[in-house]
Amino acid sequence: MEHSHRVRRIIVVGGGITGLAAAHRLEERRHAERLACEVLLLEAGPRLGGVISTTCRDGFILESGPDTIFTNKPWGLDLIGRLGLSERLIGTTDTHRRTFVARGGTLHPLPEGFLLLAPTRFGPFLRSGLLSWRGKARTALDLFLARGRSGADESLASFVRRRFGQEALTRLAQPMVGGIYTADPERLSLRATLPQFLQMEERHRSIILALRRQRSSIPSERRAESGPRYSLFATLDDGLQTLVDALVQRLPAGAVRRCCPVTGIAREETRWTLRLGDGTNLEADGIILGIPAFRAAALTRDLDADLASELEAIPYASSVIVNLAYRREEIPHPLDGFGFVVPACEGRTIIACSFSSVKFAARAPADHVLLRAFAGGALQPEPFEWDDEMLLTAVRRDLNELLGIRAAPLWSHVTRHPRSMPQYHVGHLNRLAALEEALTRWPTLKLAGNAYRGVGIPDVIHSGEAAADALLADLAVARRQGDAELAMNPPTRSCAGQESLL
Ligand SMILES: Cc1cc2nc3c(=O)[nH]c(=O)nc-3n(C[C@H](O)[C@H](O)[C@H](O)COP(=O)(O)OP(=O)(O)OC[C@H]3O[C@@H](n4cnc5c(N)ncnc54)[C@H](O)[C@@H]3O)c2cc1C
């Protein structure tokens, strides 16, 4: 019979922000509650942070992956506070809080007050060159349309088409939401990504009316913003790698193993066995898989084929980021915004571009500019496959036509993110229910990461931390069951002196 009062080992698989947040939470609680557990994080690659990676080059601060922490959800800020990094948080610059949308060879500002899918102010919307008069009239029809059928999962495209019409979908919703999820709007589940719009329809019937009511509760100085709510964007002064580094520093020496891919997991009696890439095994009492769903599927296939097939069914899109450094004088455009998005129907390589050094302070030396162009995603996967030269030629062609930049960049930096963005297709929430059902068979195995209930950094921090809390709770249950057995079959050797367990 197993001795229930030994130190429990918890293994976190994956050293991206999800896995780090999970391991950090376990450490925090181990320390605060004097839990007899040991935490080990295993990362396949040589570096930690996953898609988060900041580099400094010639006075520029480059983000090769995400660059923003959204502050509308609390979990990112909360962790930053616990790590003592609150002073290092910076918001976006105050000026130029707007986005452009490409149409033909021109960048049009997204009309003031346009919030993701719909306008909240009629004047700027009617004056905008982004939609035809017919398209604008069809968008405004939302004010009079009845509610749609409620309950069923619906794609973003279907919702936008029925409320605002095809032109608003192609010209605005697709690039705006596509920019966040790099997704095909015909397949993206609205309920899994932007359920607030369904709730608005349910409560207020018209989305425009609902957004206008909401807007009246926003302080007047922020109402002019368009597109994303830039006042909710933040980053760390030296870039997001600072968050990764701070998390790693909080973990005890020896708790993190790099270049340590896990290749399979198996359950043997009451413990887990993890097979590692070097052919060795590690034992654990609990596991958190903080890795992409398709990788979790590969690890769990022999353990639970149903669980693995649900995980495997979550599709992913690949994307590529090109950072480009310029002298300011070489860019004729005033750069009076935070960047632009490009509708897929425009047939360009760039799907979105951030004016990074306009958006956040200190991203480039004085008189220089840092641009961050995105390509790939679910609708235009080809550029992800191109070699650097072909990609740069196409990106520079777009920057020339849209921003008038003829000069070669001082330097450029290409980062590919293969299968990095999960696609929450229609039916995603049913798939999550099936996954949760399958996981009831394995209470000490937890899944965390961006494949499930949110792709943003705060969401995945929350999922890592919630997985840690749930695992500790389930291990405590396992311990109570162990204690009951222990009472009936007392061990021969004393375990006095051990810390209390979980
Ligand atoms: C290009 C891009 C830009 C983005 N921009 C933003 C943004 O600005 N703001 C925002 O909030 N969100 C953004 N996101 C989303 C957000 O960054 C991600 O959802 C989040 O960082 C994912 O973190 P993760 O730890 O779950 O996954 P990952 O970062 O993918 O990390 C997973 C880790 O697990 C490791 N691993 C995989 N398999 C194994 C194995 N078998 N054994 C051991 N280790 C393994 C990998 O090597 C990797 O290090 C962006 C995403 C992308 C791709």
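Residues numbered from 1 in each chain as written. Predicted model: local features only at pLDDT ≥ 70, side-chain atom pairs only at ≥ 80, totals over all residues.

Colleague: Quick one: what's the story with the overall build of the protein, residue by residue and with numbers?
Modeller: When helices and strands are counted, the protein shows 17 helices and 22 strands. Along the longest, intermediate and shortest principal axes, the C-alpha atoms of the protein span 85 × 55 × 40 Å. In the protein, which comprises 502 residues, the proportion classed as buried is 47%. Relative to all contacts within the protein whose residues are 6 or more apart in sequence, the contacts with residues 24 or more apart total 74%. (Helix = DSSP H or I, 4+ residues; strand = E, 2+ residues; numbered from the N terminus. Buried ≥ 20, exposed ≤ 12 C-beta atoms within 10 Å, placed from the backbone. Contact = placed C-beta atoms within 7 Å.)

Colleague: Break down the sheet that holds strand β14 (residues 271-276) for me, with residues and values.
Modeller: On the basis of which strands lie adjacent, the open sheet formed by three strands has the order β13-β14-β15 and antiparallel pairing. Pairing within the sheet leaves two strands with one partner each, and these edge strands are β13 (262-268) and β15 (281-284). Direction aside, neighbouring strands of the sheet carry axes that sit 25° apart on average. Across four bridges, β14 lies against β15 in antiparallel orientation. Paired with Leu274 across the strands is Leu282, a residue of β15. (Pairing = 2+ DSSP bridges. Axes fitted to C-alpha atoms, helices over the stretch in contact; angles between N-to-C directions.)

Colleague: Kindly report on the domain arrangement of the protein, identifying the contributing residues and their values.
Modeller: Partitioning the protein into structural domains gives domain 1 (8-49 + 241-314 + 426-488), domain 2 (68-95 + 316-420) and domain 3 (111-226). Each of domain 1 and domain 2 was reduced to a C-alpha centroid, and the two centroids are 32 Å apart. Domain 1 puts 14 residues into the contact, and the matching count from domain 2 is 12 residues. When residues of the side of domain 1 that touches domain 2 are traced back to their parent elements, those giving at least two are α10 (241-250) and α17 (457-488). For the side of domain 1 that touches domain 2, the per-class residue count stands at nine nonpolar, three polar and two charged. (Domains from an automatic or database assignment. Nonpolar A, V, L, I, M, F, W, Y, C, P; charged D, E, K, R; others polar.)

Colleague: Mind laying out the sheet that holds strand β11 (residues 233-236), listing which residues take part and the relevant values?
Modeller: The pairing of strands in a sheet comes from backbone hydrogen bonds and takes either a parallel or an antiparallel form. Read from one edge of the open sheet, three strands run β5-β11-β6, paired in antiparallel fashion. The open sheet has two edge strands, β5 (69-70) and β6 (89-91), and neither has a second partner. Note that β5 and β11 share two bridges and pair antiparallel. Bridged to Ile69 within β11 is Ala234.

Colleague: Could you give an account of the site of the ligand, with specific residues and numbers?
Modeller: Residues in close proximity to the ligand total 36 residues, the closest being Gly14, Gly16, Gly50, Pro66 and Asn450. Those elements that place two or more of their residues in the shell around the ligand are α1 (17-33), β17 (316-327), β21 (411-422) and α17. By residue class, the composition of the shell around the ligand is 17 nonpolar, 16 polar and three charged. Counting contributing residues, the shell around the ligand receives three or more from each of domain 1 (8-49 + 241-314 + 426-488) and domain 2 (68-95 + 316-420). (Near = placed C-beta within 6 Å.)

Colleague: Can you break down the nonpolar core residue by residue, with the values?
Modeller: Of all hydrophobic cores here, the largest spans 74 residues; its most connected members are Val160, Ala173, Phe340, Ile350 and Ala373. The two domains that each donate at least three residues to this core are domain 2 (68-95 + 316-420) and domain 3 (111-226). Filtering out sequence-adjacent residues up to four positions away, Ala373 remains in contact with Val322, Leu324, Ile350, Cys353 and Val395. (Core = buried A, V, L, I, M, F, W, Y, C linked by C-beta atoms within 7 Å.)

Colleague: Which residues make up helix α11 (residues 293-300), and what values do they have?
Modeller: When α11 is considered as a whole, its buried residues turn out to be Ala293, Ala296, Ala297, Leu299 and Thr300. Along the long axis of α11, the arc covered by the buried residues comes to 165°, so they all point the same way. Contacts from the buried residues of α11 go to β13, β16 (286-289), α12 (305-312), β21 and β22 (445-447). (Arc of directions from axis to C-beta.)

Colleague: Which residues make up helix α15 (residues 388-403), and what values do they have?
Modeller: Spanning 16 residues, α15 covers 21 Å between terminal C-alpha atoms, matching the ideal 22 Å at 1.5 Å per step. By the burial criterion, the buried members of α15 are Leu391, Val395, Arg396, Asp398, Leu399, Leu402 and Leu403. Summarising the axial view, the buried residues of α15 lie within an arc of 160°, below the 170-degree limit, and thus occupy one face. What points out from α15, more than 90 degrees from its buried face, is the exposed set Glu389, Met390 and Thr393. Just downstream of α15 lies Gly404, where phi reads positive at about 75°. (Expected span 1.5 Å × (residues − 1).)

Colleague: Describe the environment of Ser309, and please don't skip the residues or the numbers.
Modeller: Mapped onto the elements of the fold, Ser309 is located in helix α12. Considered as a pair, Ser309 and Leu439 are 130 residues apart in the sequence and their alpha carbons are 13 Å apart.

Colleague: Could you give an account of the pairing of β11, naming the residues involved and the relevant values?
Modeller: Strand direction decides the pairing type here: β6 and β11, joined by three bridges, are antiparallel. By the bridge assignment for β11, Gly91 is matched with Ala234.

Colleague: Go over the environment of Ser216 with me, naming the residues and quoting the values.
Modeller: Within the secondary structure layout, Ser216 lies in the loop between α9 (207-215) and β11. The exposed category is assigned to Ser216, around which 10 C-beta atoms lie within 10 Å. As a C-alpha pair, Ser216 and Gly105 span 111 residues in sequence and 35 Å in three-dimensional space.

Colleague: Let's hear about the packing of α11 against α12: which residues, and what values?
Modeller: In the contact formed by α11 and α12, the axes pass within 8 Å of each other and the chain directions differ by 160°. By the angle between their axes, α11 is roughly antiparallel relative to α12. For the crossing formed where α11 meets α12, the hand is left-handed. Note on element contacts: α12 touches α11 through Leu307, Ala308, Leu311 and Glu312, opposite Ala293, Phe294, Ala296, Ala297 and Thr300. Classifying every residue of the contact of α11 with α12 by side-chain character gives seven nonpolar, one polar and one charged. (Parallel < 35°, antiparallel > 145°, perpendicular 65-115°, else oblique. Left-handed = near helix turned anticlockwise from the far one by under 90°.)

Colleague: Let's hear about the pairing of strand β2 (residues 37-42): which residues, and what values?
Modeller: In terms of burial, β2 is largely enclosed, as five of its six residues are buried. Bridging between strand β1 (residues 8-13) and β2 involves six bridges; their strand directions are parallel. Bridge pairing in β2 links Val13 to Leu42. Bridge count for β2 against strand β12 (residues 256-257) is two bridges, and the pairing is parallel. The residue bridging Leu42 from the neighbouring strand is Arg257, located in β12.

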